[in-house]
Amino acid sequence: MAAELNAKALILGPGKPNPLFPMPVKKMEAHFFRALDVLLPIASREGIELWVENMPFAFLPDIDSLLSSLDRYGADDIGVCYDVANAHFIDEDPVGGFDRVAGRLRLVHLSDTYRSAYRHDPVGSGDVDFAAVAAKIGTLDLDHAPMLEIISRDPDRDIAQSIEALASLSWS
């Protein structure tokens, strides 16, 4: 489907455990690897890159566990979409996360949140340190500009608010 839409990549989550009866991590990782075994050859044949996103409710929520799992899988061509709000929500420093993900970083998702409430709000409406994030992103060699991922009932207003907030940080 991604190829039919002329997309460059497919972003996927590693999988969400059942909170009542979570499967052991090694077993969830085996399922994740089997999914990659199916998806990766198809994506490669179609010219689509696979990018795995850090997600707070996934069985690999933080960048270190996600990268360790991808290293165990062994396909260096699988990239990462690093989500700043997702990292911040689980108390992971996004600036440090950029350093750890550098070799696999393909895309950055930007939105704001608080650690106490999971959101993808307009930039400036949570407690993510966007001054530090903007400064760090300015040092990265990215193939793709960071992408706003604002989940809102009024997206036009909230995207404009995010752009204004980022511009005030001399975002380039």
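In what follows, the accompanying structure is described. Numbers given to residues run from 1 along each chain, matching the order in which its sequence is written. Local features in a predicted model are, by the rule used here, given only for residues with pLDDT of at least 70; side-chain atom pairs are given and counted only at 80 or more, and totals for whole chains, interfaces and linings are based on all residues. Excluding hydrogens and water, the side-chain figures rest on all heavy atoms present in the structure.

Here's the deal with the overall build of the protein chain
Where we set the bar: Helix and strand definitions here come from DSSP, where helices need a minimum of 4 consecutive H or I residues and strands a minimum of 2 consecutive E residues; each element is numbered from the N-terminal end. For the radius of gyration, the atoms used are the C-alpha atoms, and the globule rule reads 2.2 Å times the number of residues raised to 0.38. To sort residues, take the accessible area from a 1.4 Å probe on protein chains only and compare it with the maximum for the residue type: under 20% means buried, over 50% means exposed, and anything in between is partly exposed. Throughout, the Shrake-Rupley method with a 1.4 Å probe supplies accessible areas, and for residues the shown protein chains are the sole cover considered. When charges are counted, Lys and Arg contribute as positive and Asp and Glu as negative, whereas His and the chain ends are disregarded. For charged residues, the charge sits on one atom: NZ in Lys, CZ in Arg, CG in Asp, CD in Glu.
When helices and strands are tallied, the protein chain shows 6 helices and 5 strands. When the elements of the protein chain are put in sequence order from the N terminus, they spell out β-α-β-α-β-α-α-β-α-β-α. The C-alpha radius of gyration of the protein chain comes to 16 Å, within 12% of the 16 Å expected for a compact globule of 172 residues. With the C-alpha coordinates of the protein chain rotated into their principal frame, the extents come out at 45 × 40 × 30 Å. The 172 residues of the protein chain split such that 41% are buried. Roughly 9300 Å² of accessible area belongs to the protein chain as shown, and the carbon and sulfur atoms make up 55% of that amount. Computed over 15 positive and 27 negative side-chain charges, the separation of the two mean positions in the protein chain equals 7 Å.

Focus: the side chain of Asp-158
Our working definition: Residue contacts are counted whenever heavy atoms from the two residues lie within 4.5 Å of one another.
By the secondary structure assignment, Asp-158 is in helix α6 (residues 155-167). Judged by relative accessible area, Asp-158 falls into the buried class, the value being 6%. Sequence-distant contacts of Asp-158, defined by excluding residues within four places in its chain, comprise Pro-122, Ile-150 and Ser-152.

The values reported here are purely geometric and, on their own, carry no functional implication.
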